[in-house]
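Report on the structure
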Amino acid sequence: MTRTRYKIYNQQQPHFLTMTVVAWMPLFTNPEIVSLLVESLRFVQKERQVILYAYVIMEHHLHLIASAPELGKTMKEFKSFTARKVIDYLEGRNSMPLLEKLRQAKLHHKKESDYQLWQEGSHPEEIYSEKMLIQKIEYIHNNPVRRGYVDEAKHWRYSSARNYEGFEGLLEVKTDWRNER
């Protein structure tokens, strides 16, 4: 059970979500690990009816704006599945220094595993207005710009900024939400 004060009450409403690697380890600088995240997001889009409105994957965290029939449960499953995949990937490559850091960062009450990849919770914030949705999308898309990784948001490969600029992105994103309001 997640030990967080953040809860998702209105499952169908879009939520701003943040998922962060323990100890802010920059695991997502590895394109193969990022591919595991992208494939897992594709899966939940298809199999769990997750609608993505925006996303960005940074070196040690990701932000999403998403909705789904069981968003809280689906994000918990996403984190569990991706943690297992990333740890299997690291074990398969004998990445002992990284695995040891994941072991050290594991919270003491986590008895069922040797490692912990994700910080607890996803800190969901319900999007209650179009103004808030726009603000969160801009925040997400400008994350790599603020970090100095790119000059323009659309140049960050692991972001939905490309979708909003009319280019093909790595994931399907609902950009036509303005037409529904």
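Up top you'll find the structure we're talking about.
From a predicted model like this one, the values you see are computed outputs, not experimental measurements. (Residues numbered from 1 in each chain as written. Predicted model: local features only at pLDDT ≥ 70, side-chain atom pairs only at ≥ 80, totals over all residues. Heavy atoms only, no water.)

This part covers the environment of R147. One can find R147 in the loop between α4 (130–146) and α5 (161–164). For R147, a relative accessible area of 44% puts it in the partly exposed group. In this structure, the C-alpha to C-alpha distance between R147 and Q12, residues 135 residues apart in sequence, is 32 Å. When residues no more than four places from it in sequence are discounted, the contact partners of R147 are M58, E59 and H60. Polar side-chain contacts of R147 include one of 2.4 Å to the side chain of E59. For R147, the side chain forms a polar contact with the side chain of Y149, separated by 3.0 Å. (Helix = DSSP H or I, 4+ residues; strand = E, 2+ residues; numbered from the N terminus. Buried < 20%, exposed > 50% of the residue type's maximum accessible area, 1.4 Å probe, protein only. Contact = heavy atoms within 4.5 Å. Polar contact = N/O pair within 3.5 Å; in protein donor to acceptor, adjacent residues only side chain to side chain.)

Glancing now at helix α2 (residues 71–92). Because an α-helix completes one turn every 3.6 residues, residues spaced three or four positions apart along the sequence face the same direction. Given a rise of 1.5 Å per residue, 22 residues ought to cover 32 Å, and the 31 Å separating the end C-alpha atoms of α2 matches this to within 8%. On its buried face, α2 is in contact with β1 (15–20), α1 (31–47), β3 (61–67) and α3 (96–105). Within two residues after α2, N94 carries a phi angle of roughly 50°, on the positive side. (Expected span 1.5 Å × (residues − 1).)

Let's shift gears to the environment of T74. Take T74: it is sitting in helix α2. For T74, a relative accessible area of 3% gives the class buried. Look past the residues within four positions of T74 in its chain and what remains in contact with it is V44, R48 and V50.

Running from N to C, α2 and α3 cross one another at 140°; their axes reach a closest spacing of 8 Å. In terms of orientation, α2 and α3 fall into the oblique class. Seen from above, α2 lies across α3 with left-handed handedness. Residues I87, L90 and E91 of α2 pack against L98, L99 and L102 of α3. The class makeup of the residues in the contact of α2 with α3 is five nonpolar, no polar and one charged. (Axes fitted to C-alpha atoms, helices over the stretch in contact; angles between N-to-C directions. Parallel < 35°, antiparallel > 145°, perpendicular 65-115°, else oblique. Left-handed = near helix turned anticlockwise from the far one by under 90°. Nonpolar A, V, L, I, M, F, W, Y, C, P; charged D, E, K, R; others polar.)

Let's shift gears to the packing of aromatic side chains. This structure, assessed with the given rule, holds four aromatic pairs. Centre to centre, the rings of F16 and Y139 are 6.1 Å apart; their planes meet at 75°, and the pair counts as edge-to-face. With a gap of 123 residues between them, F16 in strand β1 and Y139 in helix α4 connect regions that are remote in the sequence. Taking relative accessible area as the criterion, Y139 reaches 34% and is therefore assigned partly exposed. Between F28 and W118, the ring centres sit 5.7 Å apart and the planes meet at 50°, which makes this aromatic pair tilted. Pair noted here: F28 is in the loop between β1 and α1 and W118 is in the loop between α3 and β4 (125–126), with a separation of 90 residues, a long-range link. (Phe/Tyr/Trp six-rings, centres within 6.5 Å; stacked < 30°, edge-to-face > 60°.)

Burial of strand β2 (residues 51–57) is extensive: six of the seven residues sit out of reach of the surface. Here β2 runs beside β3; their pairing, made up of six bridges, is antiparallel. Each bridged residue has a counterpart across the sheet, and for Y55 the counterpart in β3 is L64. Taking the residues that link successive antiparallel strands as the turn, the β2-β3 hairpin has three residues. (Pairing = 2+ DSSP bridges.)

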